Amino acid sequence: MIADPQRLQYLEAMGIPAWVSRYRLINARPTEHCEWEMPTAAEKPAPGQRLHALLETPPAHPEPAAPASAVASPEPAERVEGSAPVARARALLGEDQAPAEAPAPAADATAAPPAPVAAAAERAAPLRFSLTLAVLDQRWWLLLPGGREGVSAAAQTLLKQMLVAAGLPGDWRALSSLDWPLMETPVDDPVGEARDGLAVFCGGQAMRNGLSITGAIVIPGEGAAALFADDDTPFEIDCHRWPHPASLLGDPAAKRACWPQLHATGEAWRQATAGAA
């Protein structure tokens, strides 16, 4: 479940404001007050009290009586680091101390080998990218790289020619930008969480601008390439990935190689237009 601060950040990234009443209307029911209860840490006794409790607590297993020869020898002033009293004192003081290793039992030929312990899943750094969300004819997304991977003026001119050659409008309207991640925290699935965040962001922009989106053209750039590396995309609509126009400048062979992608996108656009009519 998403906590309230994280939910408000997602709503803000989607462009949806969170309204809070400033005064009570006449004859209106009073607004329920919501308070976030912060978990209270359990009070710990003072170190002196914990040490006294340690000294007053009898040992769980009484030690056997020492031989007479051992009684004559004086007890050392400091105990061994891994002895039971020191370990119990460290535990009461809240310090991390590995338990003392028990003596290894005698080897048994009939005993089965111990099962391997599964390693805990490691959290990774979030994916980092910047995307600019634009719309074509109020019904198709056009996602362009933002930030340092932005589209230059020459690349924009070539992109307009590519759209016209595919049979799509040559102009687009930019709506907003998304800089991911929203929070600098480790995550379990960087790509999966970034896909969910992009889907929520685009859905919020569609709701805010009253758009009915049926397709998308994506030029992700290097940062967001992992979001569209396979058939699993953030969208549940027809999605077409195009190469970055900057990589096609001055390369006729690369332009010819991307023509099948443009042709497929144009066919999907015409079918969507016919279906809408």
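Relevant structure appears above.
Definitions and limits used
Residues numbered from 1 in each chain as written. Predicted model: local features only at pLDDT ≥ 70, side-chain atom pairs only at ≥ 80, totals over all residues. Heavy atoms only, no water. Helix = DSSP H or I, 4+ residues; strand = E, 2+ residues; numbered from the N terminus. Buried < 20%, exposed > 50% of the residue type's maximum accessible area, 1.4 Å probe, protein only. Salt bridge = Lys/Arg side-chain N within 4 Å of Asp/Glu carboxyl O. Pairing = 2+ DSSP bridges. Axes fitted to C-alpha atoms, helices over the stretch in contact; angles between N-to-C directions. Contact = heavy atoms within 4.5 Å. Expected span 1.5 Å × (residues − 1). Arc of directions from axis to C-beta. Core = buried A, V, L, I, M, F, W, Y, C linked by side-chain atoms within 4.5 Å.

J.: Can you help me understand the overall build of the protein chain in this one?
T.: When its secondary structure is counted, the protein chain shows eight helices and five strands. Along the protein chain, helices (α) and strands (β) appear in the sequence α-α-α-α-β-β-α-β-α-β-β-α-α when read from the amino end. Buried residues in the protein chain amount to 26% of all 277 residues.

J.: Which parts of the structure should I look at to understand the pattern of salt bridges?
T.: Side-chain pairs of opposite charge can arise where the charged atoms are in close proximity. All told, the structure shown has four salt bridges when counted by the stated rule. One salt bridge in this structure joins R128 and E184, with 2.7 Å as the shortest N-O distance. Of the two residues, R128 is situated in the loop between α4 (84-92) and β1 (129-136) and E184 in the loop between β3 (173-180) and α6 (190-209); the sequence distance between them amounts to 56 residues. Here D137 and R139 are joined by a salt bridge, their closest N and O atoms 3.1 Å apart. What makes R139 buried here is its relative accessible area of 17%.

J.: What's the story with the sheet that holds β3 in this structure? I'm lost.
T.: In any sheet, the strands associate via hydrogen bonds between backbone groups, in a parallel or an antiparallel arrangement. Taken together, the five strands give an open sheet; going across it, the order is β3-β1-β2-β4-β5, and neighbouring strands pair in mixed fashion. Edge strands, defined here as strands with exactly one partner in the open sheet, are β3 and β5 (238-241). For this sheet, the mean inter-axis angle between neighbouring strands, taken without regard to orientation, is 20°. Pairing of strand β4 (residues 215-218) with β5 involves four bridges; the strand directions are parallel. Each bridged residue has a counterpart across the sheet, and for A216 the counterpart in β5 is C239. Packing against the sheet, α6 makes contact with β1, β2 (140-145) and β3, and its axis sits at approximately 150° to β3.

J.: Help me out: how do you make sense of helix α5 (residues 153-165) in this one?
T.: Since the α-helix turns once every 3.6 residues, residues separated by three or four places project in the same direction. The terminal C-alpha atoms of α5, which comprises 13 residues, lie 19 Å apart, in line with the 18 Å expected from a rise of 1.5 Å per residue. Among the residues of α5, those classed as buried are A155, L158, L159, M162 and L163. Viewed end-on, α5 has its buried residues packed into an arc of 145°, placing them on one side of the element. Exposed side of α5, more than 90 degrees from the buried face: A153, Q161 and V164 are the residues found there. Buried-residue contacts for α5 involve β1, β2, β4, α7 (252-257) and α8 (259-276). Downstream of α5 by one or two residues, G167 has phi in the positive range, about 90°.

J.: I tried to follow the nonpolar core on my own but got confused; where do I start?
T.: Note that soluble globular proteins tend to have their nonpolar side chains buried in a common cluster. With 23 residues, the main nonpolar core has F129, W141, L143, L198, L227 and F235 as its most contacted residues. Elements represented by at least two residues in this core include exactly β1, β2, β3, α6 and β4. For this core, the element with the highest residue contribution is α6, accounting for five residues. Dropping the residues within four chain positions of it, L227 is found in contact with L127, F129, V191, A194, R195, L198, D232, T233 and P234. Formed by 21 residues, the second largest nonpolar core is a distinct cluster that contains L136, W140, L144 and L158.

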